[in-house]
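Examining the three-dimensional arrangement
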Amino acid sequence: MQMTNEQTTALSDAPDKKLFWACFVALVTTSFGFILRALTLPQWGEEFNLTNTQIGEIAGVGLWPFAISIVLFSLIIDRIGYKNAMVFAFICHSASAVLTFFATGYWSLYIATFIMALGNGTVEAVTNPVVATMFPREKSKWLNMLHAGWPTGLVLGGILALLLGAETSWKLKMILIMIPTIMYGIMMFPRKFPVNERVKAGVSYLSMLKEVGVGGALIVTALIVFQLGSIFGWSTTLNVAITLGIVGVFGFFVRSLGQPVFIFLNLLMIPLATTELGTDSWISDLMAPEMFAIGIQAGWILVYTSAIMAGLRFFAGSIIHRISPLGLLAVCSAVACAGLLLLSVSSGLMVLVAATVFALGKTFFWPTILGVVAERFPKGGALTLNITGGVGMIAAGVIGAVILGFAQDKSIDRNLSAYDASNNTALHDTYATEQKTSIFGDYQALNSAKLAGASEEEQRRVEVIQNEAKKEALQTVAIFPIIMFAAFIFLMLYYRSKGGYKVVVLEEQDKEVVLK
C-alpha cells in the first residue's frame, strides 16, 4: 500500500525516540560527574589542605562555566549543527576525566572541573532545544522527562562511588565518568537531529535576539563577567564597564528590552538554582555528622533524594495536566523551604524524613521553569531556553555553592569567637588564622594543619562548632524558596489577569498558535 503525502509528512515529523534517549543519557553524564565530584570534595579538601570556601569554589566552577558554553553555542547552534556541538561535549567530558585523574592540587582540580562544566553546558545547549522541538505541544512534560536524566545520573554515579567504599581512591571514582560518556557518544552520533522550531517556522535570527533583549542580556552577561572578574582580579569598575559595553552593543543591534516575563523568570533562576544545585553540591558534607550518627555514609542522602526526583519527573506530565506549571513551581517552593528548615534541625532517622520533604520540593524546579520559557517564548528558539539554564547554572556556581561554604566559614569564625568570650579560651586566635577573601567578603578560616596538632578536647569542641555551622548554612539558604514562592504566585495572578496561562506553538511563516 502506498502512503499518501500527509502520511509521509507525519512519519517524517514524528519525534525520534532513540534521539530522545540519547539526549537523556548525555544529561545523565553531566550529573554523573557532578555527584562523583560532590562525593570526593571532602577527600580533596583533606588531601590538598583546602578551606571550605575553596572547596565551594571548585564545586562552583563545576557549574558557572556551563553558562559560557550554553550561551555561546545557543547563538550559533543552528549554524554549526547539533551534532558538531555534541562532538565538542564528548571531547570536554573525556579530557576532564583524564585531567582530574592526574590532578595535583587546587588549580589542576579547578581547570579539570572547568572543562567538565563546558561540556555539560554544551550538552544542555543541544538537548533542551532538540527535545522542545520534537514535542512542541508538550514541552513541560518532555523536558521534565529529559531532566529525569539529571537525578538518574546522580543515583547511578552515587551508587557506584559509594559501593566502591571510602577507602577506594578518588582517582578511580572520578574516571567512572567515561562510562556514560562513551554510551552517549555511541547513541548520539548516528542520529539525525531535527531543525529547530524557530528556524522551521521562519522566525529570523534578529527576532530571536529581540525576545532576549537588553534585560536578558544584562543578567547573563553580568553574571559571567563578574565571575571572570573575580578569577582574574578585575576591579568592580572594569567589570561594570565590560558588562555595559557588551550589553550596549547588543542593545544597539537588537533595539529591544526583551520580554518582561522572560527577564523575570531569569531573575528567578538565581534563587531556584541556589536552592537546588547549590544545596546538592554540599548536602552530603552538610549532613555527614547526622548520617554518620545513624551509621550511613553521607553520600546516600543525595542518592536517596535524587531517586525520588528521577521517579517523579517521569510522571510530570500527569501532574502538569492537573496543575499549571506556575502552580507546580509555587507549591514546590513552599515544600522545598519546609524541607531545608527540617534538615537544619533534624537528627537521627528524622533526617531521612526531612530529606524526603526537600526532595519533593526541588524535583520539578529546573525542568518546569525551562518548560515555561519554551512554551511562552518559542520565537527565542534555543537562545531563550538555554540562557535560562545558563543563568541558573552560573548562579548555582557563583552564588549557590560558594554561599554555603562561606556561610559555614563565617559561622565557624563567629561561633569560635563567641565560645572564647564565654569560656575564656583562645580557640579562634589559635586555629582561625587563615585570612581569606571571597565574592561575599573576608573571613577567618580554620588552619587545618594547626588544628590537627590540637588536643583531643579542643578538636572535639571545634568539631561541634563546625557541625553547628553546617546546619546554620541550610537555614541561610531557606530564604531563597520563600522568595520564589512569592514570585510564582505573582506570575499566576498576572496570567490570570490575561486570561490564563497558555502554550504558544509556532507554525510555518512565523505564525503563532495559542493552545488552551
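Residues numbered from 1 in each chain as written. Predicted model: local features only at pLDDT ≥ 70, side-chain atom pairs only at ≥ 80, totals over all residues. Heavy atoms only, no water.

Time to look at the overall build of the chain. From N to C terminus, the chain includes 25 helices and 4 strands. Computed over the C-alpha atoms, the radius of gyration of the chain is 23 Å, within 12% of the 24 Å expected from 2.2 N^0.38 for a compact globule of 516 residues. Here the chain holds 516 residues, and the buried ones make up 57% of them. Once local pairs closer than 6 in sequence are excluded, the contacts in the chain between residues at least 24 apart make up 81%. (Helix = DSSP H or I, 4+ residues; strand = E, 2+ residues; numbered from the N terminus. Rg over C-alpha atoms; globule rule 2.2 N^0.38 Å. Buried < 20%, exposed > 50% of the residue type's maximum accessible area, 1.4 Å probe, protein only. Contact = heavy atoms within 4.5 Å.)

Turning to the layout of surface pockets, a few remarks are in order. Volume-wise, the largest pocket comes out at about 1,400 Å³. Residue lining of the largest pocket: 44 residues in total, with Pro42, Glu46, Asp285, Ala288 and Lys470 positioned closest to the centre. Only α2 (17–48), α3 (52–61), α8 (149–164), α14 (260–286), α15 (288–293), α21 (381–423), α23 (448–452) and α24 (456–477) provide two or more residues apiece to the lining of the largest pocket. Partitioned by chemical class, the residues of the lining of the largest pocket number 21 nonpolar, 14 polar and 9 charged. (1 Å grid on protein atoms, 1.4 Å probe; cavity = no way out; pocket = protein on both sides within 12 Å on 5 of 7 lines; lining within 4 Å. Points joined across faces, edges and corners; volume = space filled by probe spheres on them. Nonpolar A, V, L, I, M, F, W, Y, C, P; charged D, E, K, R; others polar.)

Following both chains from N to C, one finds helix α5 (residues 82–101) and helix α6 (residues 106–134) inclined at 155°, their axes separated by 8 Å at the closest point. Comparing the axis directions of α5 and α6 gives the class roughly antiparallel. In this structure, α5 meets α6 at a crossing whose hand is left-handed. Facing α5, whose interface residues are Tyr82, Ala85, Met86, Phe88, Ala89, Cys92, His93, Ala95, Ser96, Leu99 and Thr100, α6 presents Ala112, Ile115, Met116, Leu118, Gly119, Asn120, Thr122, Val123, Ala125, Val126, Pro129 and Val130. When the residues that make up the contact of α5 with α6 are grouped by side-chain class, the tally is 17 nonpolar, 6 polar and no charged. (Axes fitted to C-alpha atoms, helices over the stretch in contact; angles between N-to-C directions. Parallel < 35°, antiparallel > 145°, perpendicular 65-115°, else oblique. Left-handed = near helix turned anticlockwise from the far one by under 90°.)

This part covers helix α20 (residues 365–376). Taking 1.5 Å as the rise per residue, α20 with 12 residues should run 16 Å; its terminal C-alpha atoms sit 17 Å apart, in good agreement. Most of α20 sits inside the fold, with 11 of its 12 residues counted as buried. Looking only at α20, the buried set comprises Phe365, Trp366, Pro367, Thr368, Ile369, Leu370, Gly371, Val372, Val373, Ala374 and Glu375. (Expected span 1.5 Å × (residues − 1).)

Ranked by size, the top nonpolar core spans 140 residues in total, and within it Trp44, Met86, Leu265, Leu343 and Phe488 carry the most contacts. Looking at this core, the element that brings in the most residues is α2, giving 15 residues. When sequence neighbours within four positions are dropped, the list of residues in contact with leucine 343 reads Ile283, Met287, Ile301, Val351, Ala354, Ala355, Phe358, Lys471 and Leu474. Counting residues in each nonpolar core, the second largest holds 11 residues, with Ile412, Leu416, Ala432 and Leu451 among its members. (Core = buried A, V, L, I, M, F, W, Y, C linked by side-chain atoms within 4.5 Å.)

Per-residue pLDDT for the chain has a mean of 85; in total, 95% of the residues score no lower than 70. Below pLDDT 50 for its whole length, residues 1–11 participates in 3 contacts with residues either more than four positions away or in separate chains. (pLDDT = per-residue confidence, 0-100.)

Before going further, it helps to spend a moment on helix α12 (residues 205–232). With 28 residues, α12 should cover 40 Å at 1.5 Å per step; its first-to-last C-alpha distance of 33 Å lies more than 12% under that length. The principal kink in α12, of about 70°, is found at glycine 213. Phi for glycine 233, located one or two positions after α12, is positive at around 75°. (Bend = angle between axes of the 7 residues up to and from the residue.)

Together, Leu218, Phe226, Val240 and Leu244 line one region of the surface with nonpolar side chains, adding up to about 330 Å² of accessible area. When residues of the nonpolar patch are traced back to their parent elements, those giving at least two are α12 and α13 (236–254). Tracing the backbone through its elements, the reader meets leucine 218 in helix α12. For leucine 218, a relative accessible area of 38% translates into the label partly exposed. (Patch = residues over 30% accessible without salt bridge, like charges linked within 9 Å, V, L, I, M, F, W, Y side chains within 5 Å. Areas by Shrake-Rupley, 256 points an atom, 1.4 Å probe, with all protein chains shown as cover. Salt bridge = Lys/Arg side-chain N within 4 Å of Asp/Glu carboxyl O.)

This part is about the packing of helix α18 (residues 325–345) against helix α19 (residues 350–362). For the pair α18 and α19, the least separation of the axes is 7 Å and the interaxial angle reads 155°. By the angle between their directions, the pair α18 and α19 is classed as roughly antiparallel. For the crossing formed where α18 meets α19, the hand is left-handed. Seen from α18, the contacting residues are Cys332, Val335, Ala336, Ala338, Gly339, Leu340, Leu342 and Leu343; seen from α19, they are Val351, Ala354, Ala355, Val357, Phe358, Leu360, Gly361 and Lys362. Considering only residue class, the contact of α18 with α19 consists of 13 nonpolar, 2 polar and 1 charged.

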